[in-house]
Each structure stands twice: as C-alpha cells, then as structure tokens.
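So you can see what is in the structure, the chains are spelled out below.
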Amino acid sequence: MSAELRGRRFFADPSLSRCEGRFFLYPTTDGSPEWAASSFRVLSSTDLAQWDDDGVILRLGEDVTWADRFAWAPSAAERDGRFFFYFTADDNIGVASAPSPRGPFVDSGRPLVARGAYPGRAIDPSVFVDDDGTAYLVWGNTVAHVARLSDDMLAIDPETVSSWEHPTFREAAHLHR
C-alpha cells in the first residue's frame, strides 16, 4: 500500500474475499466526522502483505440514490460469475452487483433491508454461502438477524428471517464454516 494511502486513510469493518487468485478487501473508509463516510473502496493483494488500492467502487448519493451517508461494514460474495456487494447506508442495508470484484457495482435501486423493518439497527451485513449453495444475509445491531437470500442474491425471503437477542450482543454478527 502506498505511503499516501497509509497516511490518509483509516479502514474498519473489513470483509475479505478471494477470487481470480487475489484477495479483495472491502472496508469501511473511516476518518469522516461522525462516521459519515459516503463511499466504499476495494483493496486487493496476492499475498495479504502488499495491497493495491483499486479505488472507489460505490458512492452514496451518486451511485446509491436512496442514501448519502454512513457507508459502513460491507460484505461481498460471488455467484455464477457475478459479484454482490452488501453494504450499510444510513441505517439501511443495500446490495449492488458487478461483473468483477472491482466493479463497476450497480445499486439495486432500493434498500434490501430498510431501516426499521426489523428490531435493532439495520447495519453490518455479512453474506454466507453454505455448502449446498444457499446464501444467507446476516445483519444487526443489538438484535442479530439472518435470512435466506434469493437465488439472484438481490432480495431476502422475509419468511426465513430469524432473530436473536442477547444483552452482550452489539453488532457485526457473522457465520463462518
């Protein structure tokens, strides 16, 4: 990573994917007053030590017309040669898709999980694809939720939403295998 990038950028809440022989890191770009970042970047590496900044892949208020701040905690997944980028935007969760892990990502045009649709805050999405190919979205703050994603990865099945509360849970729930 360049000295300029190290000196001026702060990253948090990263999601790591591997594709095409490279690792792709999708972070929150921090350092904005009140955590009000308005865009997402992707960094890539072949060795997890040296990183290339592949640039901005999605801008709230421009590429995403339904939200313009609080670009947080993204997650990405690949299905059938398309890449899906799940992100927080102004306490909603959105999804965008692209032909490459570097984009260009195109927003679906509406929140995938709208603010207030479920208890807790709609933040920190994480995508999990099970061995049988079924994809799930996990999200939440103070209440964790999981739901099956549609085959096209652009919608959740509301009938499958399962929620979990615990006094020590704060945010960033994930499923791992």
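Higher on the page you've got the structure.
Let us look at the structure shown here. These numbers were taken from a predicted model, which means no experiment stands behind them. (Residues numbered from 1 in each chain as written. Predicted model: local features only at pLDDT ≥ 70, side-chain atom pairs only at ≥ 80, totals over all residues. Heavy atoms only, no water.)

What about the sheet that holds strand 8 (residues 106–107)?
Logical step 1: With respect to topology, 4 strands assemble into an open sheet ordered 5-6-7-8, the strand pairing being antiparallel. Since the sheet does not close on itself, it has two edges, and those belong to strand 5 (71–79) and strand 8, each with one partner. (Pairing = 2+ DSSP bridges. Helix = DSSP H or I, 4+ residues; strand = E, 2+ residues; numbered from the N terminus.)

Thoughts on the layout of surface pockets
In this approach a probe as big as a water molecule rolls over the atoms, and the regions it shows empty are the leftover space.
Logical step 1: Estimated volume of the largest pocket: approximately 430 Å³.
Logical step 2: Taken together, 21 residues form the lining of the largest pocket, with Leu-16, Ser-17, Ser-75, Ala-76 and Val-127 sitting closest to its centre.
Logical step 3: At the level of secondary structure, the elements contributing two or more residues to the lining of the largest pocket comprise strand 1 (10–19), strand 5 and strand 9 (126–129).
Logical step 4: With 6 residues, the top contributor of residues to the lining of the largest pocket is strand 1.
Logical step 5: When its residues are assigned to classes, the lining of the largest pocket shows 12 nonpolar, 6 polar and 3 charged. (1 Å grid on protein atoms, 1.4 Å probe; cavity = no way out; pocket = protein on both sides within 12 Å on 5 of 7 lines; lining within 4 Å. Points joined across faces, edges and corners; volume = space filled by probe spheres on them. Nonpolar A, V, L, I, M, F, W, Y, C, P; charged D, E, K, R; others polar.)

Some remarks on the side chain of Arg-79
Logical step 1: Inspection of the secondary structure assignment puts Arg-79 in strand 5.
Logical step 2: Salt bridges are absent for the buried Arg-79, whose nearest opposite-charge side chain, Asp-151, sits at 4.6 Å.
Logical step 3: Other than its neighbours up to four places away in sequence, Arg-79 contacts Phe-84, Val-129, Gly-133, Thr-134, Ala-135, Ser-150, Asp-151 and Met-153. (Buried < 20%, exposed > 50% of the residue type's maximum accessible area, 1.4 Å probe, protein only. Lys, Arg positive; Asp, Glu negative; His and termini not counted. Salt bridge = Lys/Arg side-chain N within 4 Å of Asp/Glu carboxyl O. Contact = heavy atoms within 4.5 Å.)

Here we look at the sheet that holds strand 11 (residues 143–148)
Logical step 1: Strand order in the open sheet formed by 4 strands is 9-10-11-12, and the pairing between neighbours is antiparallel. With one partner strand each, in any of the chains shown, strand 9 and strand 12 (162–165) form the two edges of the open sheet. Adjacent strand axes in the sheet meet at a mean angle of 20 degrees when their direction is disregarded. (Axes fitted to C-alpha atoms, helices over the stretch in contact; angles between N-to-C directions.)

Here we look at the pairing of strand 1
Logical step 1: Pairing analysis gives 8 bridges linking strand 1 to strand 2 (residues 22–30), with the strands arranged antiparallel. Bridging from a neighbouring strand, Arg-18 pairs with Phe-23 of strand 2.
Logical step 2: Where strand 1 folds back onto strand 2 in an antiparallel hairpin, the turn is made up of 2 residues, including Glu-20, whose phi is positive at roughly 55 degrees.

Topic: unusual backbone geometry
Logical step 1: Residue Pro-104 is bonded to the preceding Gly-103 through a cis peptide linkage, with omega at 0 degrees.
Logical step 2: In this structure, Pro-104 sits in the loop between strand 7 (92–98) and strand 8.
Logical step 3: Even without being a glycine, Asp-80 presents a positive backbone phi close to 50 degrees.
Logical step 4: When you line up the elements, Asp-80 lands in the loop between strand 5 and strand 6 (82–89).
Logical step 5: Positive phi values are uncommon outside glycine, yet Asp-91 reaches one of about 60 degrees.
Logical step 6: Mapped onto the elements, Asp-91 comes out in the loop between strand 6 and strand 7.

Concerning the packing of aromatic side chains
Logical step 1: Within the structure shown, the criterion is met by 9 aromatic pairs.
Logical step 2: With 5.2 Å between their ring centres and 50 degrees between their planes, Phe-70 and Trp-72 make a pair best called tilted. Across the pair, exposure class does not vary: Phe-70 and Trp-72 are buried alike.
Logical step 3: Judged by centre distance (5.8 Å) and plane angle (65 degrees), the ring pair of Trp-164 and Phe-169 falls under edge-to-face.
Logical step 4: One aromatic cluster is present, built from ring pairs that chain together Tyr-26, Phe-40, Trp-66, Phe-85, Phe-87 and Phe-105. (Phe/Tyr/Trp six-rings, centres within 6.5 Å; stacked < 30°, edge-to-face > 60°.)

In short, geometric facts, not functional conclusions.
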